[in-house]
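One letter stands for each residue in the lines below.
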Amino acid sequence: MNRLIKFFFFILLGCSVLLSCKDIDMESFRPETGQIKFTNATLDAPNTLDTLWVELNSNLPFRLKTDASWLSFVKPNGMATEKVGIIVARNRELTERVGKVVAYITDDVQSELEIRQRSGDPAPDFTRHFYVKAEGQVTADGLSWAKATTLHNALMEAASGDYIHLAAGIYIPTQVMTGGSSAQDATFEVAENVHIIGGYPAQATEGALADPAVHKTELNGNNTAIHVVTVIAPKVEGQQVELNGITISKGLAGGTGSVNASGVAVSRQHGGGLFVAGSKLLIKQSSVIDNSSKNHAPGVYMTALAEVTMDRVSIKNNYTTIAASNGGGIWNDGSRLLMYDSEIVGNRIGGVGAGLYSLHTAVESTNILYNVTIAKNTSGIFGNNAVGGGIYAREKSLFYVVNSTIYGNKAGGNAFGGGIALYGATTFHLISSTVSGNEAGIGNTTSGGLGIHNSSANNNNLHLYNSIISGNMGGNLPDVGGNAYAAYSVKSSIVGQEVLDTDGNKTGYSFDPQLSFHLFGAHGGFGETIPLKGTSSATTEGMSKLQLQLLGANLTLLEQERLLEDQNHVSRSDTKVMGALVTIQ
């Protein structure tokens, strides 16, 4: 009975509410008039990186915008009256600059704040050397080992041309990049063309020498930082950023959107280890290792016409955490990559291009590799079909791969191109290189290539010179293949078991990869390789010194002398050996 009484009570109550609502005059309802105003119309700012907290009075939700690339916001919106954080980048210019911040509810209801930033301090007319230790003090000037400072402080104080010397130890970024809004945006931000040299003893004193092999200097994202290192220094004639003797690890790319770092868009989805935007960068004797991504490019991401040179660099064991991801070791997005004596090894991606991924639909992505090993990278690690275990070259990509070994890479699922995959009007020159032991096309009976997949529908230009593409694994498919009309040019190379002459015609000789290769391993040089053994057609039917010189004269982007040596810098002058190595084990 009590339940029945409660039931009728709620019915009556509901009816009463409906009747009272019916009596409301909706035409008499008027929304609240918006009112918004900064407490001050102008504000002075120092010439250093700073966050200004400004009182904003508003009776409705609001947003912030600015016309200045050097201004950004801790949070670009709010609900009502509060203090808003405005991030002011360091002023390196020798003149005062003025920017405007607008807080608005609607286009008609807004308030403006003018920010005047003091002119930058003139850079000294001499090169300065800063010294950094893991226990360095932010209050120290860093101009000697005895007064070592922090890396963040050194990056803030150093101007283009200066040197920053790092003692061995682990350095974790704690300072949010310019324009960042959360702890994950913490990074070592390189905004000037400085030289960062690691490998000094942990307790270095005056006169200490750098030895990166002995004194490991690690920039570590602690599996939190979206980018461990962010390079956004402007291009200046005769200047570049240098990273030497550094290990970059434990970055975790992820999140959404991008950060406006002094006018440079820095995507949170790419570059867990290293993000380079529009800068000229030299990396030597360094590693980008064990970084991850919730999106793309866990290792290195280069964009906005960046120019990156790598010399004796390892891009190793970077990995993704989702299936829809591309570019495991390096993603070249409309930039120029130049590599010497380096390796891209053991990177794992959910999508395509586990080792090196190159794509930009509007600007050419140029990749020139000398004496590089690309090995044991895996695409499609979550079971999906994903091409390009070693290299995936897509639209607007130009490749020159010289004296290099591409071995043991795997295309995911039953996809093609375990070593290399081409798609979308790409031009690819493979010169004096070895592509073997790569895996692809398992269970796939359609037309495709195991070592190199050349997708004909997209008008690629594939050129093979003095190279060996043989001994790749998967289905009963060719080492180089594609669709029915996937043509490519060959000069003095081995494809599968066929030996082709300088005109691309069959010589009648054959090649057995099982009998002619040593095991993959350390055989001199920077990375692991698979040298030839004994005598075979690969040791006698290759290009001569004169033919290599003529090839170099036609391919003008290449360094001519690099064509006359092998991956271990042994001369090719007196040989006609195909592949990455001329030394016969």
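Residues numbered from 1 in each chain as written. Predicted model: local features only at pLDDT ≥ 70, side-chain atom pairs only at ≥ 80, totals over all residues. Heavy atoms only, no water.

Novice: Looking at this structure, I do not really get the overall build of the chain. What am I missing?
Specialist: The helix and strand tally for the chain stands at four helices and 47 strands. Dimensions along the principal axes, computed over C-alpha positions, put the chain at roughly 95 × 75 × 45 Å. Put simply, of all contacts in the chain between residues at least 6 apart along the chain, 74% involve residues at least 24 apart. Counting every atom, the chain has about 25,000 Å² of accessible surface; 52% of that belongs to carbon and sulfur. The averaged location of the 50 negative side-chain charges in the chain is 5 Å from the averaged location of its 40 positive side-chain charges. (Helix = DSSP H or I, 4+ residues; strand = E, 2+ residues; numbered from the N terminus. Contact = heavy atoms within 4.5 Å. Areas by Shrake-Rupley, 256 points an atom, 1.4 Å probe, with all protein chains shown as cover. Lys, Arg positive; Asp, Glu negative; His and termini not counted. Charge placed at Lys NZ, Arg CZ, Asp CG, Glu CD.)

Novice: Sorry if this is basic, but what is going on with the nonpolar core here?
Specialist: Soluble globular proteins tend to pack their nonpolar side chains together in the buried interior. In this structure, I164, V229, L274, M310, I330 and F428 are the most contacted members of the largest nonpolar core, which totals 66 residues. Those residues in contact with M310 that lie beyond four places of it in its chain are I283, V300, I315, I330, L337, L338, M339, Y340 and S342. Counting 23 residues, the second largest nonpolar core, distinct from the first, contains V259, A277, Y392 and A411. (Core = buried A, V, L, I, M, F, W, Y, C linked by side-chain atoms within 4.5 Å. Buried < 20%, exposed > 50% of the residue type's maximum accessible area, 1.4 Å probe, protein only.)

Novice: Would you mind showing me how to read helix α4 (residues 545–554) here?
Specialist: Every buried residue belonging to α4 is among L548, L551 and G552, and all of these are buried. Down the axis of α4, the buried side of the element spans an arc of 100°, and every buried residue falls inside it. Set apart from the buried face of α4 by more than 90 degrees, the exposed residues are L546, L550 and N554. Residues of α4 that are buried sit in contact with β36 (427–431) and β40 (461–465). (Arc of directions from axis to C-beta.)

Novice: Is there a simple way to think about the sheet that holds strand β24 (residues 292–293) in this case?
Specialist: Where strands meet in a sheet, backbone hydrogen bonds hold them as pairs that are either parallel or antiparallel. Taken in spatial order, the three strands of this open sheet run β19-β24-β27, and their pairing is parallel. Two strands lie at the open edges of the sheet, namely β19 (252–253) and β27 (319–320), each paired on one side alone. By the bridge criterion, two bridges tie β24 to β27 in an arrangement that is parallel. Bridge pairing links S293 to T320 in β27. (Pairing = 2+ DSSP bridges.)

Novice: Quick question: what am I supposed to make of the packing of aromatic side chains here?
Specialist: Aromatic rings in a pair are described by how distant their centres are and how their planes are angled relative to each other. The tally for this structure, following the rule as stated, stands at ten aromatic pairs. Consider the rings of Y340 and Y370, whose centres lie 5.5 Å apart with planes at 10°: the pair is stacked. With a gap of 30 residues between them, Y340 in strand β29 (residues 336–345) and Y370 in strand β31 (residues 365–375) connect regions that are remote in the sequence. For Y340, a relative accessible area of 12% translates into the label buried. The ring of Y104 carries K65 above its face, with NZ or CZ at 5.0 Å from the centroid. (Phe/Tyr/Trp six-rings, centres within 6.5 Å; stacked < 30°, edge-to-face > 60°. Lys NZ or Arg CZ within 6 Å of the ring centre and 35° of its normal.)

Novice: So what exactly am I meant to see when it comes to the sheet that holds strand β32 (residues 391–393) here?
Specialist: Read from one edge to the other, the open sheet built from ten strands follows the order β13-β16-β22-β25-β28-β30-β32-β35-β39-β43, with strand pairing classed as parallel. The open sheet terminates on both sides in strands that have one partner only, identified here as β13 (188–190) and β43 (480–482). Across the sheet, the mean angle from the axis of one strand to that of its neighbour is 10°, orientation sign disregarded. Note that β13 and strand β16 (residues 229–231) share three bridges and pair parallel. The partner of E189 across the bridge, within β16, is T230. (Axes fitted to C-alpha atoms, helices over the stretch in contact; angles between N-to-C directions.)

Novice: Just to check I follow, could you spell out the confidence of the model for the chain for this structure?
Specialist: Note: predicted coordinates in regions of low pLDDT should not be interpreted at a detailed level. Here the chain averages 92 in pLDDT, and 94% of its residues register 70 or above. Contacts of residues 1–22 to residues separated by more than four positions or lying in other chains number zero contacts, the stretch itself having pLDDT below 50. (pLDDT = per-residue confidence, 0-100.)

Novice: Looking at this structure, I do not really get the pattern of salt bridges. What am I missing?
Specialist: Charged atoms that come close allow side chains of opposite charge to pair. Here the structure, examined in full by the defined rule, presents 15 salt bridges. For the salt bridge of E96 with R116, the shortest nitrogen-to-oxygen distance reads 3.4 Å. Residue E96 is found in the loop between β7 (82–88) and β8 (97–106), and its partner R116 is found in strand β9 (residues 109–117); the two are separated by 20 residues along the sequence. Taking relative accessible area as the criterion, E96 reaches 49% and is therefore assigned partly exposed. Residue classification places R116 among the partly exposed positions, given a relative accessible area of 33%. K506 is paired through a salt bridge with E498; the nearest N and O atoms lie 3.1 Å apart. Look at the salt bridges and you will find they share partners, linking E96, E114 and R116 into a network. (Salt bridge = Lys/Arg side-chain N within 4 Å of Asp/Glu carboxyl O.)

Novice: Is there a simple way to explain the pairing of strand β17 (residues 241–244) in this structure?
Specialist: Along any regular strand the residues' side chains alternate between the sheet's two faces. Burial along β17 is two-sided: V241 and L243 facing one way and E242 and N244 facing the other are all buried. In the sheet, strand β14 (residues 195–200) pairs with β17 via three bridges, with the strands oriented parallel. If you follow H195 over to β17, its bridge partner there is E242. Pairing between β17 and strand β23 (residues 280–289): four bridges, direction parallel. Each residue of the ladder has a partner; that of L243, found in β23, is I283.

Novice: Looking at this structure, I do not really get unusual backbone geometry. What am I missing?
Specialist: With the exception of glycine, most residues fall at negative phi, and the peptide bonds are largely trans. Here the phi dihedral of D290 falls at roughly 60°; this positive angle occurs in a residue that is not glycine. Relative to the elements of secondary structure, D290 occurs in the loop between β23 and β24. We classify D290 as partly exposed; its relative accessible area is 27%. Although it is not a glycine, L305 adopts a positive phi angle of roughly 65°.

Novice: Help me understand the side chain of R572 in this model?
Specialist: Considering the arrangement of structural elements, one finds R572 in the segment after α4. Within the structure, the side chain of R572 is placed 2.7 Å from the backbone oxygen of G579, a separation counted as a polar contact. Within the structure, R572 has its side chain in polar contact with the backbone oxygen of A580 (distance 3.4 Å). (Polar contact = N/O pair within 3.5 Å; in protein donor to acceptor, adjacent residues only side chain to side chain.)

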